[in-house]
Amino acid sequence: MSQKTDLAGLSARAIREGIAGKRFSAGDVVEATYAHIDVHEPGIHAFNELTPDLARAAAAHIDAKVAAGEELPPLAGVPAALKDNMNLVGTHTTCSSRILSDFKSPYDCTAVRRLLDAGALPIGKCNMDEFAFGSSTENSAFGVTHNPWDLSRVPGGSSGGSAAAVAARMVTVSLGSDTGGSIRQPGALTGTVAMKPTYGRVSRYGIVAFASSLDQIGPFSRSVEDAALVLNAISGHDDTDATSVREPVPDFTATLGDGVKGLRVGLVRDMLDLEGCAAEVREATEMSVRTLESLGAQVGEIDLPMSQHGLAAYYIIGPAEASSNLARFDGIRYGHRVSDPSDVVDLYMRSRAEGFGPETIRRIMLGTYALSAGYYDAYYGTAQKTRTLITREFDAAFEQFDVLVTPTSPTVAFKIGEKAEDPLSMYLSDVFTIPLNLAGLPGVSIPCAKSESTGLPIGVQIIGKHFDEATMLRVAAALEGALDLDMRPPAA
Amino acid sequence: MAKDRLAGVLERYEAVIGLEIHTELTSLNSKMFCGCPVAFGGEPNTRVCPVCLGMPGALPVPNEAAVEATVLAGLALDCEIAPFSQFHRKQYFYPDMPKDYQISQYDLPFCGLGHLDIEVDGEGAKQRVDLDGGPYATRIGVTRIHLEEDTGKMVHVGGSEGRIAGADHSLVDFNRAGTPLMELVSEPDIRTPEEARRFAQKLRLIMLNLGVSDCSMEEGSMRVDGNVSIRLRGETELGTKTEIKNMNSFKALHDALAFEIVRQADVLDEGGRIVQETRHWDVTAKRTSALRSKEEAHDYRYFPEPDMVPFEFSAGWIDAIRARLPELPDARRERFMRDFGLSSADARTLSEDVEFAAFFEEAVALAGTPLAKPIANWMLGDFSAYLNAGTVALSDAKVTPAMLAELVQVIDAGTISGKQAKQVFTEMAETGDAPGAIIEIRGMKQVSDTGAIEAAVERVIIANPDEVASYRAGKTTLIGWFVGQVMREMRGQGNPSLVNEILVKKLG
Amino acid sequence: MSISEADVRHVAMLARLALSDEQITRLQGELNSILGNIEKMQELDLEGVEPTSHSIPLRNATRPDVVRPGLSRDLALLNAPQAENGAFVIPRIVGAEEGA
Ligand SMILES: [Zn+2]
């Protein structure tokens, strides 16, 4: 029993080595995981669905390999959770929406398939803001997820369930999706390592689309090394996604220990000075950069004024693409359908109005308006051009620096209900993360401090060049090692 | 009725017609954006996958061969190939469209301006009253060619004749959804229903020659819509146009446009106004009627397809596609006229169908160029009649190019007569036996031995002194009678031209 | 630019959302407030700036013309709200004939 509780805190590498060394089996890991979930899930509600049958079958497969003396895959026996917008046969994929509450996946998401092929155990599907619209996981049709650090607070969002599950040690790693910060912001709010890879690095096939030109799948973990291991597993070209690149995939763990000596680290000054960025967040970010400097990095500062328009561009491009991507939820081939439609248009209109929650309706309306006749140039066209300027600004910054550093979120986790009635202040949660999605850049949030007043985690965002996740993770690993924080929350 | 009045209407009004022609790329293996097979019919929803069902999370990836086929078609019609092109989403809700948007192309299609030359003769030529009524050729501009995906199909249950009106509910089948669909838009350069028909027919021939589609109007793999307006002769402003749909054959295309031109003229003549609308051709009632549609202006909210990246074709890539262009019917026809001395009409008929043309050329290659004309005559005559009568596909015919070549050679050598040759052809087509074998078995060898013919002629002259006297007195028309007598004497096996020659010599 | 109630109703129709009067009113306020906040972006000098639809410079991404296994009919219809004879069932279509 005590051995089982201990398993919950292990790293991916420790689990694989433990199984390979026959200290415990993959089956033991599964049972310990669900036992831990039984204790903590009622207070947190990270999951929409648990998948013990799938997990036990995957564990049995690993244990058979051990018995046969076969080499174990890199994530053998590692408990993993999936955001509930990723298809996996044998599970429901609801996107935390009423419109998909009964949807059974008829096929697999590529990134999920790759994660499981690397030996990970599918523990369950995680709660999220409906269709990933939100920054608090309050916009779920199935109830809010609570932050393991303070159950009265949000875990961030939209991948709040995936973040909370890792923070509370209910799984070792999880997958989220990030369109404007939906991995990194909940990562910061739950004290986890949370990464958005370069756009095109990880296949989007099988993840229910929010904004196709911005979405990217990435991992949550409790260490940079585990994040690198998951990235190793899910990266690479996929011929079922036309936006997936053929860039070579390095072993992202290989350079984690190389340190930061000589690396050029740029602190984005004007973001720190942004109104709404809490003093403790600013201080933690500056402290992180000073720490990197003490480790031998060459530190400088830079302003990215164009990125301040990122939020505006994002709230046109995101909803515009989303309004189109969500048209398919029409009650004909799947999803909620009203019981007594008088005709097809009535079926569409009432099924969709009943099936979508308020934030989803808001975004669909916003996006439809922005694309409608007469407004395209003023909104979508302008946003796409602004996007060009933001990308150019980053390109120029990366001529001076190898990585850039910003806060991840302007504040620590806020109270449940605090921003629910104010969409605009909620949207501001992603002000530091959004520019990366617009420019397609990779970013990782790692915990860098705990608030002195609340004890809540604060995250720092490290931004890499296109397809240079390796350098970005190397900086993150150096900082993680130097800070050596205990990030075990009270509810874990 | 409309047809009779058309010529009169066109004397006062000029019709302005543009066509939109959708061609399914049926010769491809897989659909436009997924790996499902391209085929016709089948049990509902048996050729589907997450992509073409619009399942949540599925992503489209363009079929390379469909892009190439579209550029190939563009090159065949002298279109400009866009250096930068892109797919867009065209958004509207409809149950046969799985994603509730269609992936299509908007302002950046693969192919821009091009053209197609058509020839009009016969009855249709009189409809162009600005010309003198004789055969003419005219150039029709092609505005663009782009690529998109086809929709699924619906069966309407409970209504009459499967129409939507009156149906109780409908069944949706997505087997066709995602089939690669090429759309050509013509310039409004067409002036008569006959020109429209010629344009569509010629486009079909070109697509068949390119091998990109089976172009079946019956099965809907080629679908033609038309935009029509009319204006008084001499007027330069365009009139209000209507869009005509459901023209499921070339005849329907012609008849629907003819009806619509006359209808519009009647409206204008009575002082009315043309309403811009979509009209449906009813092939049974032979009339167009307005489709009921909700008063909701279309707002397709086009935007660049974010699941795909743009296309930039290099000059080298375009050249490689150009190198794949087969010889097209017009070029082949000119070559047949030049190399084989065929008439324009014969060369056209022989050159249109790629297989028919290949058959002809193979036979000519075996028999020798001097025999091209008789081969052409056989192919356009007895052979075509045989194929048409039995609706036999060329590929299923028992006659081979080698057999036809042998047949014209034996005729040329005088081994058999023309009359015998017809018999040989009929038997050859039925049995697949070579001409030599048939002639052997039937003992049809023609006698070209001058000695034997001279002997027979002598016998006929001796037996018919009165006729010989009449002939020699000037009644030379009797020569036919003498030929008949000699042939009877030789049981039909005499070489007719030799018989004739020897008779004239001996009688003279 | 301010969004009128009629605009909101038109957009709801385009998006096929049956919204109550109360929802329409609330959305009108929210959309105006959100769009009001992006006006600063519209003041940027974007003369001669090309739009970016993707942040990565990928071009010509296609797949070979190869058939791949799809879904069985059972899986295709697995989530169908109503199916009949292997097809998806929809109620009658009013107001539009033979597609758009
Ligand atoms: Zn398919």
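Not measured: the values here are computed from a predicted model.

Our next topic: the overall build of chain C. Across its full length, chain C holds four helices and two strands. Helices (α) and strands (β) of chain C occur, in sequence order from the N terminus, as α-α-α-α-β-β. Since a compact globule built from 100 residues should have a radius of gyration of about 13 Å, the 22 Å found for chain C marks it as more spread out than a globular shape. Seen through its C-alpha atoms, chain C measures out along the principal axes to roughly 55 × 45 × 25 Å. Looking at chain C as a whole, 42% of its 100 residues are labelled buried.

By volume, the second largest pocket amounts to about 890 Å³. Every residue lining the second largest pocket is counted, 38 residues in all, and those nearest its centre are Gln86(B), Pro304(B), Pro51(C), Thr52(C) and Ser53(C). Only helix 14 (377–400) of chain A together with strand 14 (303–304) of chain B provide two or more residues apiece to the lining of the second largest pocket. At eight residues, the largest contribution of residues to the lining of the second largest pocket is made by helix 14 of chain A. Along the lines of polarity and charge, the residues of the lining of the second largest pocket split into 18 nonpolar, 13 polar and seven charged.

Right, let's talk about the interface of chain C and chain A for a bit. Contact residues are listed per partner, giving 53 residues for chain C and 63 residues for chain A. A combined buried area of about 5200 Å² lies between chain C and chain A, and 71% of that area is made up of carbon and sulfur atoms. Here chain C and chain A share two salt bridges between them. Note that Glu30(C) and Arg362(A) form a salt bridge whose closest N and O atoms lie 2.8 Å from each other. Seen at the junction of chain C and chain A, the total is 16 residue pairs in polar contact (both at pLDDT 80 or more). At the level of elements, helix 1 (5–14), helix 2 (21–36), helix 3 (39–42) and strand 2 (87–91) of chain C are the ones that each hand at least two residues to the side of chain C that touches chain A. Broken down by element, the side of chain C that touches chain A gets its largest block of residues, seven residues, from helix 2 of chain C. Within the side of chain C that touches chain A, the residues separate by chemical class into 35 nonpolar, 10 polar and eight charged.

On the chain C side, the residues contacting the 61 residues of chain B number 39 residues. Between chain B and chain C, a total of about 4300 Å² is buried, with carbon and sulfur atoms accounting for 56% of that surface. The interface formed by chain B and chain C holds two salt bridges in total. As a salt-bridge pair, Arg73(C) and Glu43(B) come within 3.8 Å of each other at their nearest N and O atoms. One can count 20 residue pairs in polar contact (both at pLDDT 80 or more) joining chain B with chain C. Of all the secondary structure elements, the ones that give two or more residues to the side of chain B that touches chain C are helix 2 (64–76), strand 7 (153–157), strand 8 (169–173) and strand 15 (311–312) of chain B. Element by element, the count of residues in the side of chain B that touches chain C is highest for strand 8 of chain B, at four residues. Each residue belonging to the side of chain B that touches chain C can be placed in one class, and the counts come to 35 nonpolar, 13 polar and 13 charged. Judged from the four bridges that link them, strand 8 of chain B and strand 2 of chain C form a sheet pairing that is antiparallel. What sits directly across from Ser170(B), in strand 2 of chain C, is Ile90(C).

Residue and element names in this part refer to chain B. Around the zinc ion, the protein supplies Cys34 (SG), Cys36 (SG), Cys49 (SG) and Cys52 (SG) as donor atoms, at distances of 2.3 to 2.4 Å. For the zinc ion, the four donor atoms are set out with angles of 100 to 116° between them, so the coordination reads as tetrahedral. Along the chain, the residues donating to the zinc ion fall in the pattern C-x1-C-x12-C-x2-C. With a relative accessible area of 1%, Cys36 lands in the buried category.

It is worth spelling out the domain arrangement of chain A at this point. Residues and elements named next belong to chain A. For chain A, the domain assignment lists domain 1 (7–312 + 380–483) and domain 2 (313–379). Placing a centre on the C-alpha atoms of domain 1 and another on those of domain 2 gives a separation of 28 Å. Contact with domain 1, which involves 34 residues of that partner, is made by 32 residues of domain 2. A combined buried area of about 2800 Å² lies between domain 1 and domain 2, and 62% of that area is made up of carbon and sulfur atoms. Along the contact surface separating domain 1 from domain 2 lie zero salt bridges.

Below, the discussion takes up the side chain of Glu195(B). As for its placement among the helices and strands, Glu195(B) is situated in helix 3 (residues 193–210). Leaving out residues up to four positions away in the same chain, Glu195(B) has contacts with Ile118(B), Val120(B), Arg128(B), Tyr136(B), Thr138(B), Ile140(B), Asp189(B) and Ile190(B).

Moving on: unusual backbone geometry. Residues Gly157(A) and Ser158(A) are joined by a peptide bond in cis, for which omega reads 10°. Checked against the element boundaries, Ser158(A) lands in the loop between strand 3 (121–126) and helix 6 (160–167). With phi around 55°, Lys286(B) is a residue other than glycine that occupies positive phi space. Relative to the assigned elements, Lys286(B) resides in the loop between strand 12 (278–282) and strand 13 (287–290).

Strands pair in a sheet through their backbones, by hydrogen bonds, and they do so in one of two ways: parallel or antiparallel. Read across the sheet, three strands follow the order 4-3-14 (chain B) without closing on themselves; strand pairing throughout is antiparallel. Two strands bound the open sheet, and with one partner strand each, they are strand 4 (101–104) and strand 14 of chain B. Packing against the sheet, helix 11 (residues 310–325) of chain A makes contact with strand 3 (88–91), strand 4 and strand 14 of chain B, and its axis sits at approximately 60° to strand 3 of chain B.

In the structure shown here, the tally under the stated rule is zero disulfides over all chains. Of all cysteine sulfurs in the structure, the one in Cys111(B) sits closest to Cys215(B), which takes part in no disulfide; the separation is 16 Å.

For the rest of this paragraph, the subject is the sheet that holds strand 9 (residues 403–407) of chain A. All names here are of chain A. In space, the 11 strands of this open sheet follow the order 1-3-2-4-6-5-10-11-9-7-8, with mixed pairing throughout. Only two strands of the sheet have a single neighbouring strand rather than two, namely strand 1 (47–50) and strand 8 (298–302). Going from strand to strand, the sheet's axes swing by 30° on average, the running direction of each strand aside. Where strand 4 (residues 173–178) lies against strand 6 (residues 216–221), five bridges are found, and the strand directions are antiparallel.

As a further point, take helix 15 (residues 479–489) of chain B. Within helix 15 of chain B the residues assigned to the buried category are Ile479(B), Phe482(B), Val483(B), Gln485(B), Val486(B) and Met487(B). Next to the buried residues of helix 15 of chain B lie helix 13 (450–463), helix 14 (465–472) and helix 16 (496–507) of chain B.

What follows concerns the side chain of Thr33(A). Residues and elements named next belong to chain A. One can find Thr33 in helix 3 (residues 26–44). Judged by relative accessible area, Thr33 falls into the buried class, the value being 8%. Among all residues touching Thr33, those that are not within four sequence positions of it are Pro79, Ile123 and Met170.

Parameters and conventions
Residues numbered from 1 in each chain as written. Chains lettered and ligands numbered in written order. Predicted model: local features only at pLDDT ≥ 70, side-chain atom pairs only at ≥ 80, totals over all residues. Heavy atoms only, no water. Helix = DSSP H or I, 4+ residues; strand = E, 2+ residues; numbered from the N terminus. Rg over C-alpha atoms; globule rule 2.2 N^0.38 Å. Buried < 20%, exposed > 50% of the residue type's maximum accessible area, 1.4 Å probe, protein only. 1 Å grid on protein atoms, 1.4 Å probe; cavity = no way out; pocket = protein on both sides within 12 Å on 5 of 7 lines; lining within 4 Å. Points joined across faces, edges and corners; volume = space filled by probe spheres on them. Nonpolar A, V, L, I, M, F, W, Y, C, P; charged D, E, K, R; others polar. Contact = heavy atoms within 4.5 Å. Buried area = accessible area lost by both parts, 1.4 Å probe. Salt bridge = Lys/Arg side-chain N within 4 Å of Asp/Glu carboxyl O. Polar contact = N/O pair within 3.5 Å; in protein donor to acceptor, adjacent residues only side chain to side chain. Pairing = 2+ DSSP bridges. Donors = N, O, S within 2.8 Å, 3.2 Å for Na, K, Ca; no water. Tetrahedral: all angles 85-135°; square planar, octahedral: opposite > 155°, others 65-115°. Domains from an automatic or database assignment. Axes fitted to C-alpha atoms, helices over the stretch in contact; angles between N-to-C directions. Disulfide = S-S within 2.5 Å.

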